[in-house]
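Chain by chain, the residues run as shown.
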Amino acid sequence: MAVPPRVPRSSPDGSTPVRVLTVAGSDSGGGAGIQADLKTMLALGAHGMSVITAVTAQNSLGVQCAWELPAEAVRAQFRSVADDIGVQAVKTGMLATAELVETVAAQLADLSAPVVVDPVGVSKHGDPLLATEALDAVRTKLLPTATVATPNLDEVAQLTGVRVESEDDQRRAAGAVLAHGPRWALIKGGHLPGGDAVDLLTDGTEEHWLRAPRHRNRHTHGTGCTLAAAIATYLAGGYEVPAAVTAAKEYVTGAIAAGFPLGAGIGPVDHGWLSERT
């Protein structure tokens, strides 16, 4: 398995790491959401910052409760970080409602840093994390701000109506996602049958098929959050999109392989696997 690199520090004297902001929900079980994002950023050498959009009561068995934060609280968190510390990349995750989607999209619209949009629709356990009435705001407001959009197959179907059952369908799905305005679409094929987990990254002209061995490990909570956070970290480190996605997939593949049991249900991927290898 390839060992992905850590990102270089951003200041000339090497004293300051790159700065990456996650805008997402909190997972009290620590496997996904804000917690997964910050662990990923730290593992890859970045300084992670957060805008919390929702608080969930969540464990290895599922999401028991969720509470969205007011739009003004989300806006204030974003401006507090962006106006003082600054950001070199942003990753979005659980936004829950149309109002929160529109609030976050408005903050991203004038941002010069790359944006990774993970259009979170449901949890690993099938719990809804995005209101149906928010889908149009994701399509029309959020996706146009994205440098890279990273939907899984269920989210592709939610957003575009395209059902992906084969690799050929991934190309059609990517076209449907790109029609909503992101510069690149990463169609994650981890739920397709087959020996490899195959993702398609494309901007409508270039195509990159990313393959990795499928690890027979059920402890995969936080996979999507982790991948999107890793992509954002590499983009903040100056990587071009194909290189950032390739390195991020190597990182998440190792994290899946090292996923561990926790609680009575599905455990998390291991965000610290790189330090365990060195």
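Residues numbered from 1 in each chain as written. Predicted model: local features only at pLDDT ≥ 70, side-chain atom pairs only at ≥ 80, totals over all residues. Heavy atoms only, no water.

### Regarding the overall build of the protein
Then comes step 1: Helix and strand content of the protein: nine helices and nine strands.
Then comes step 2: Since a compact globule built from 278 residues should have a radius of gyration of about 19 Å, the 17 Å found for the protein is in line with a globular shape.
Then comes step 3: C-alpha extents for the protein along the principal axes are approximately 45 × 45 × 45 Å.
Then comes step 4: Taking all 278 residues of the protein together, the buried fraction comes to 55%.
Then comes step 5: For the protein, contacts bridging at least 24 residues in sequence account for 67% of all contacts bridging at least 6.
Then comes step 6: A total of about 11,300 Å² of accessible surface is found on the protein, and carbon and sulfur atoms cover 52% of it. (Helix = DSSP H or I, 4+ residues; strand = E, 2+ residues; numbered from the N terminus. Rg over C-alpha atoms; globule rule 2.2 N^0.38 Å. Buried < 20%, exposed > 50% of the residue type's maximum accessible area, 1.4 Å probe, protein only. Contact = heavy atoms within 4.5 Å. Areas by Shrake-Rupley, 256 points an atom, 1.4 Å probe, with all protein chains shown as cover.)

### Some remarks on the sheet that holds strand E2 (residues 47-59)
Then comes step 1: An order of E3-E2-E1-E4-E5-E6-E7-E8-E9 is seen for the nine strands of this open sheet, with the pairing classed as mixed. Across the chains shown, the open sheet's two edge strands, defined by having one partner strand only, are strand E3 (62-68) and strand E9 (207-213).
Then comes step 2: Both E2 and E3 contribute to a ladder of six bridges, which runs antiparallel. When the bridges of E3 are listed, alanine 57 appears paired with cysteine 65.
Then comes step 3: Across the sheet, helix H7 (residues 223-236) touches strand E1 (19-27), strand E4 (89-92), strand E5 (115-117), strand E6 (148-149) and strand E7 (184-189), and the angle it forms with E4 is around 170 degrees. (Pairing = 2+ DSSP bridges. Axes fitted to C-alpha atoms, helices over the stretch in contact; angles between N-to-C directions.)

### Notes on the environment of valine 115
Then comes step 1: When you line up the elements, valine 115 lands in strand E5.
Then comes step 2: Between the C-alpha atoms of valine 115 and alanine 149, which are 34 residues apart in sequence, the distance is 8.5 Å.
Then comes step 3: In this view, valine 115 contacts Val90, Leu108, Thr145, Ala146, Thr147 and Val148; residues no more than four positions away in its chain are not counted.

### Here we look at the pairing of E9
Then comes step 1: Relative to E9, strand E8 (residues 196-202) runs antiparallel, the two being bridged by seven bridges. Residue pairing across strands places leucine 200 opposite tryptophan 209, the latter belonging to E9.
Then comes step 2: Adjacent in sequence and paired antiparallel, E8 and E9 are bridged by four residues, among which glycine 204 carries a positive phi angle near 95 degrees.

### Looking at the nonpolar core
Then comes step 1: Counting 49 residues, the largest nonpolar core has Leu21, Val23, Val101, Leu142 and Ile187 as the members making the most contacts within it.
Then comes step 2: Broken down by element, this core gets its largest block of residues, six residues, from helix H3 (residues 98-109).
Then comes step 3: Listed in part, the 35 residues of the second largest apolar core include Ala46, Leu186, Leu227 and Ile231. (Core = buried A, V, L, I, M, F, W, Y, C linked by side-chain atoms within 4.5 Å.)

### Considering the state of the cysteines
Then comes step 1: If you walk through the whole model with that rule in mind, you get zero disulfides.
Then comes step 2: Cysteine 65 provides the cysteine sulfur closest to cysteine 225, a residue in no disulfide bond, and the two sulfurs are 19 Å apart. (Disulfide = S-S within 2.5 Å.)

### Side note on the packing of aromatic side chains
The description of an aromatic ring pair uses the distance of the two centres, along with the angle that the planes make with each other.
Then comes step 1: In this structure the tally under the stated criterion is two aromatic pairs.
Then comes step 2: Between tyrosine 234 and tyrosine 239 the ring centres are 5.0 Å apart and the planes differ by 55 degrees, which places this aromatic pair in the tilted class.
Then comes step 3: The buried category is assigned to tyrosine 234, whose relative accessible area is 0%. (Phe/Tyr/Trp six-rings, centres within 6.5 Å; stacked < 30°, edge-to-face > 60°.)

### Thoughts on helix H6 (residues 167-178)
Then comes step 1: For H6, spanning 12 residues, the distance from its first C-alpha to its last is 17 Å, which sits close to the expected 16 Å at 1.5 Å a residue.
Then comes step 2: On its buried face, H6 is in contact with E6, helix H5 (153-160), E7, E8 and E9. (Expected span 1.5 Å × (residues − 1).)

### Quick word on the pattern of salt bridges
Then comes step 1: Inspection of the entire model under this criterion finds nine salt bridges.
Then comes step 2: Taking the shortest distance from any N to any O, the salt bridge between aspartate 37 and lysine 91 comes out at 2.8 Å. Residue aspartate 37 is found in helix H1 (residues 33-43), and its partner lysine 91 is found in strand E4; the two are separated by 54 residues along the sequence.
Then comes step 3: Classification of lysine 91 by relative accessible area gives buried; the value is 0%. (Salt bridge = Lys/Arg side-chain N within 4 Å of Asp/Glu carboxyl O.)

### Quick notes on the packing of H7 against helix H8 (residues 241-257)
Then comes step 1: Two elements in contact, H7 and H8, have axes whose closest approach is 8 Å; the angle formed by their N-to-C orientations is 140 degrees. It follows from the interaxial angle that H7 and H8 lie oblique. For the pair H7 and H8, the sense of crossing is right-handed. When H7 is examined against H8, the residues Thr223, Thr226, Leu227, Ala230, Ile231, Tyr234 and Leu235 are found in contact with a partner set consisting of Val241, Ala244, Val245, Ala247, Ala248, Lys249, Tyr251, Val252 and Ile256.
Then comes step 2: When the residues that make up the contact of H7 with H8 are grouped by side-chain class, the tally is 13 nonpolar, two polar and one charged. (Parallel < 35°, antiparallel > 145°, perpendicular 65-115°, else oblique. Left-handed = near helix turned anticlockwise from the far one by under 90°. Nonpolar A, V, L, I, M, F, W, Y, C, P; charged D, E, K, R; others polar.)

### Concerning the side chain of asparagine 152
Then comes step 1: Relative to the helices and strands, asparagine 152 resides in the loop between E6 and H5.
Then comes step 2: Residue classification places asparagine 152 among the buried residues on the basis of a relative accessible area of 17%.
Then comes step 3: At 3.1 Å, the side chain of asparagine 152 and the backbone nitrogen of aspartate 154 are in polar contact.
Then comes step 4: At 2.8 Å, the side chain of asparagine 152 forms a polar contact with the backbone nitrogen of glutamate 155. (Polar contact = N/O pair within 3.5 Å; in protein donor to acceptor, adjacent residues only side chain to side chain.)

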